Amino acid sequence: MTAPNFKVADHPLIQHKLTLLRRKETSTAEFRQLLGEIALLLAFEATRDLALTKVEIETPLETMAAPVLDGKKLCLVSILRAGNGLLEGMLDLIPSARVGHIGMYRDHETLEPVEYYLKLPHSIGERQVIVVDPMLATGNSAVAAITRLKEAGAKRMKFVALVAAPEGISALTEVHPDVPILTAAVDRQLSEIGYILPGLGDAGDRLYGTK
Ligand code: URA
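Remember, it's a predicted structure, so these values are computed and weren't measured experimentally. (Residues numbered from 1 in each chain as written. Predicted model: local features only at pLDDT ≥ 70, side-chain atom pairs only at ≥ 80, totals over all residues. Heavy atoms only, no water.)

Draft legend 1. Representation of unusual backbone geometry within the structure. Of the consecutive residues leucine 80 and arginine 81, the connecting peptide bond is found in the cis state with omega at -5 degrees. Cis geometry is found at the peptide bond from leucine 197 to proline 198, where omega equals 0 degrees. Structurally, proline 198 is set in the loop between β12 (196-197) and α6 (203-208). If you check the backbone angles, serine 123 has positive phi at about 55 degrees while not being a glycine. Under the relative-accessibility criterion, serine 123 is labelled partly exposed at 25%. (Helix = DSSP H or I, 4+ residues; strand = E, 2+ residues; numbered from the N terminus. Buried < 20%, exposed > 50% of the residue type's maximum accessible area, 1.4 Å probe, protein only.)

Below is the structure:
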């Protein structure tokens, strides 16, 4: 799978933890714990290119010009509800990040995503935005969420997933080629009913124990 704005986070710790998380025997508690740990590692990778500026500080020995993050606090946007599993782990690494939520459901007749909830921090256009959803399957929700965030003023966005299907990557890069994608894995394909294969099942159900 090659797309210009697309990266697989192939760190061995991420890959090992993802394998544990995929297994059907993995309990809800373990799934939640592993997703949080992988999210933190993905956040580390997704923020690698944040801009720095220098401020003058005093160490116990002398003053120095030391690097700090430049600009406004970054903004994490969770696509409900499974996105919250990635969000929480990322907040462990970036506790001062601003947080937005976007909720969408699939209309059974049109099969199109319909927005039912949106709450975003102010000045989203001045922030680096990281949109999170563990499963990039058809890409419909990701495309709709990013379109909506652009309408709300977001300019600099990245999309972070745990597992992506080739179909989802193609759909997202076709509509939003300016939005880089970071994922821990690219799986084989989508099933007829839109599950990622081999995947890990329904991320929301596994995270919250709802099945
Ligand atoms: N959403 C999920 O939770 N799992 C999939 O496999 C596809 C979409």
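Picking up after the structure, the text goes on.
Draft legend 2. Region of interest: the site of the ligand. Around the ligand, a shell composed of Met135, Ala137, Gly194, Tyr195, Ile196, Gly201, Asp202 and Ala203 is seen. Taking isoleucine 196, its main chain carries an N or O atom lying 2.7 Å from an oxygen atom of the ligand. A distance of 2.8 Å separates a nitrogen atom of the ligand from a polar backbone atom of glycine 201. Summarising the interface, the protein chains cover 82% of the accessible area of the ligand, which totals 240 Å² for the free molecule. Each residue belonging to the shell around the ligand can be placed in one class, and the counts come to five nonpolar, two polar and one charged. (Near = heavy atom within 4 Å. Polar contact = N/O pair within 3.5 Å; in protein donor to acceptor, adjacent residues only side chain to side chain. Areas by Shrake-Rupley, 256 points an atom, 1.4 Å probe, with all protein chains shown as cover. Nonpolar A, V, L, I, M, F, W, Y, C, P; charged D, E, K, R; others polar.)

Function cannot be inferred from these measures alone, as they are strictly geometric.
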